[in-house]
Amino acid sequence: MSNPIAHAAAGHGPAGHDFATADGHGHGHHPALQHHFSTMDQQREAGVLGMWVFLLTEVLFFGGLFLTYTIYRTWYYEAFAAASKSITISWGLINTAVLIGSSLTMALGVRAAQTNQRKATVNWLLATIFLGTLFLGIKVIEYADKFEHHHVPGPHFVFASEHEGAEGGAAEHAAPAAAEGGHVMTMGPDELQRTTQLFFSLYFTMTGLHALHMIVGIVILFIVAWMAHKGRFDSEYFAPVEMTGLYWHFVDIVWIFLFPLLYLVERHN
Amino acid sequence: MSSVHVSPLSTYLSIFAALMVLTALTVGVAFINLGSFNPVVALGIAVVKASLVILFFMHVKYSSRLTKLTVVLSLFFVAILIFETLMDYATRGWQTIPPMLK
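The structure reproduced in this document is the subject of the present report. All residue numbers refer to positions counted from 1 along the written sequence of the respective chain. To read the labels, note that chains go from A and ligands from 1, taken in the order they are written. Given that this is a predicted model, residues contribute local features only at a pLDDT of at least 70 and side-chain atom pairs are listed and counted only at 80 or more, while totals for whole chains, interfaces and linings are drawn from all residues.

1. Quick look at the overall build of chain B
We apply this condition: The helix count covers DSSP runs of H or I at least four residues long, the strand count covers runs of E at least two residues long, and both are numbered beginning at the N terminus. Only C-alpha atoms enter the radius of gyration, while the globule expectation follows 2.2 Å times N to the 0.38, with N the number of residues. The burial label depends on the number of other C-beta atoms within 10 Å of a residue's C-beta. Counts of 20 or more mean buried, 12 or fewer mean exposed, and intermediate counts mean partly exposed, with C-beta atoms placed from the backbone.
If you tally the helices and strands in chain B, you get three helices and zero strands. Going residue by residue from the N terminus, the α and β elements of chain B occur as α-α-α. Here the C-alpha radius of gyration of chain B, 21 Å, is well above what a compact globule of 102 residues would show, namely 13 Å. On the principal axes, the C-alpha backbone points of chain B span a range of 75 × 45 × 10 Å. Taken across its 102 residues, chain B has 21% of its residues classed as buried.

2. Comments concerning the interface of chain B and chain A
Going by this rule: Two residues qualify as a contact pair if the distance between their C-beta atoms, derived from the backbone, is within 7 Å. Any residue outside Ala, Val, Leu, Ile, Met, Phe, Trp, Tyr, Cys, Pro, Asp, Glu, Lys and Arg is labelled polar, Gly included; the first ten of those are nonpolar and the last four are charged.
Opposite the 38 residues of chain B that make contact, chain A presents 41 residues. Of all the secondary structure elements, the ones that give two or more residues to the side of chain B that touches chain A are α1 (9-30), α2 (37-57) and α3 (65-91) of chain B. No other element matches α3(B), which puts 13 residues into the side of chain B that touches chain A. Here the residues of the side of chain B that touches chain A are counted per class, giving 25 nonpolar, twelve polar and one charged.

3. Quick look at the environment of L258(A)
The residue L258(A) is located in helix α9 (residues 239-263) in this model. As a C-alpha pair, L258(A) and T207(A) span 51 residues in sequence and 7.7 Å in three-dimensional space.

4. Considerations on the nonpolar core
We apply this condition: Any nonpolar core is a set of buried residues, restricted to Ala, Val, Leu, Ile, Met, Phe, Trp, Tyr and Cys, that join up through C-beta atoms within 7 Å.
Counting residues in each nonpolar core, the largest one holds 74 residues, and the members touching the most others are A79(A), L125(A), F199(A), A228(A), V254(A) and L258(A). Mapped by element, the contributors of at least two residues to this core are α3 (40-75), α4 (77-85), α5 (89-114), α6 (118-148), α8 (189-229) and α9 of chain A together with α1 and α2 of chain B. Here this core gets 16 residues from one element, more than from any other, and that element is α9(A). The residues touching A228(A), leaving out its near neighbours within four places in the chain, are A113(A), R118(A), T121(A), V122(A), L125(A), F233(A) and V241(A).

Below is the structure:
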């Protein structure tokens, strides 16, 4: 092991390599410790910091979408309120509970890794995968519902249907009745038809990108669960579990904001 | 040797319970007419929930100052993004076009 390049390659080699004796420094250290770090703590700290820098870019990525949402919601508030009301609140509520639950199982997975419980780590990660998949399944039901009601932006988009139905086909009138709760709808059916598409465009973009993040998260969770099953982690080295946890919790936080902004724009009246 | 902070099980369970209660609260409040305060309350609850997740589930409460700074920095950047853009949109109507550009 006099060749430093060969030594570096061995450092990334498969588990089971006798690192303590093959180590070129002449002393034993944790097999997961990379050469450019002095201690496991330093390595872990650098990893956490790096992950947060990545999450910073993710915050700005979703931040742009939230900004777009804010501007259009301010401009076309009535359309946003009406369109938001057409979404079934219970599915969103159930999904919020499911996702918060998955954050709990994820946090317990990290804790199990920290405390050297291999079997528990794998099980909590699998529970997180299950809840994440359940969330996506419910999302599929919701999306199917949108297609059925022609609430998908595009040439077949139809809004106003519920409104007209309630008024008994009175959509031809220039001023749509506003009997309910003293709220006066100033938008005509045509304008509502046009502007509610903005809401649903944002709905599909934001929930779609959120769902994409979850699919990526589930794939990573499978890999990390497999690594945990193989015994790659211990109480000193569990970085992949911890990083996956940070990513998963971030995705949870995005949903924490999406839920009230998309489902609860105006529910009173 | 290792300085890894392991939170007790009870911490995770109580944070989970708090998040569920706040979720129920945000739905309940949405059905009460608070006028222009409805979105303020909804976002306030969301911010509290996000803070609980960041501090306890993501262990930022026990992280180094550098990590904490990075977390706050991300919020600062997104605040600039949203605040400055909204300032632009909110004040566009103020602009009077100089005669030479008409």
